[in-house]
Amino acid sequence: MLFASRMAGFKAMAAAAVVVIILGGLLYLQIKRNGELSATVDQQAATINLQTAALDKERRKSAETNLQLAESRKKVQQLQQSERELSHDLQASNDKIINARIPVDVAERVRQFRNSNN
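Attention in this report is confined to the structure presented alongside it. (Residues numbered from 1 in each chain as written. Predicted model: local features only at pLDDT ≥ 70, side-chain atom pairs only at ≥ 80, totals over all residues. Heavy atoms only, no water.)

1. Focus on the overall build of the protein
Next up, step 1: Of the regular secondary structure elements, the protein holds two helices and zero strands.
Next up, step 2: For the protein, the exposed surface amounts to about 10,700 Å²; the carbon and sulfur share of it is 62%. (Helix = DSSP H or I, 4+ residues; strand = E, 2+ residues; numbered from the N terminus. Areas by Shrake-Rupley, 256 points an atom, 1.4 Å probe, with all protein chains shown as cover.)

Next comes the structure, spelled out in C-alpha cells:
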C-alpha cells in the first residue's frame, strides 16, 4: 500500500510536471508571439511616421507653390493693367505727336489708311 501510495504521488507529480512544462512552453510561445507582434507594430509605426512626414513635406511644398502662383497671378494682372494704361496713354498722345511733327495732310492720309484697314 505504501508503494501504491508513493506511486500515485509520483504519477501526480509527473502529471503536474508535464502540465507545468506544457504551460511553460505555451507561455514561451505566447511571449515570443507578443514580441513578434510588438516588433511588427513598431515597424508599422515607423512607416506611418515616415509617410506622415512625407505628406507634411508635400503639403508645405504645395502651399508654397500655391502662394507663388497667387503672387504670379497678381503680377500678371498688374502688368495687364499697366499695359492697358500705357496703351491708352499712347493712343491719347499719338494724335498730338502726329499733329506736331507731321503736316496735317499727311496725318489725315495716315488716319484714312488706318481706318480703311480696320
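From this point, the narrative continues.
2. Re the pattern of salt bridges
Next up, step 1: Summed over all chains, the structure comprises two salt bridges.
Next up, step 2: Close ionic contact of Asp56 with Arg59 constitutes a salt bridge, the shortest N to O distance being 2.7 Å. On the criterion of helical spacing, the pair formed by Asp56 and Arg59 is a turn pair, its members being three residues apart in helix H1 (residues 2-101).
Next up, step 3: In this structure Asp56 comes out as partly exposed when scored by relative accessible area, which is 32%. (Salt bridge = Lys/Arg side-chain N within 4 Å of Asp/Glu carboxyl O. Buried < 20%, exposed > 50% of the residue type's maximum accessible area, 1.4 Å probe, protein only.)

3. A look at a nonpolar patch on the surface
Next up, step 1: Judged by side-chain polarity, Val18, Val19, Ile22, Leu23, Leu26, Tyr28 and Leu29 come together as a nonpolar surface patch covering roughly 700 Å² of accessible area.
Next up, step 2: Among the structural elements, Leu23 can be located in helix H1. (Patch = residues over 30% accessible without salt bridge, like charges linked within 9 Å, V, L, I, M, F, W, Y side chains within 5 Å.)

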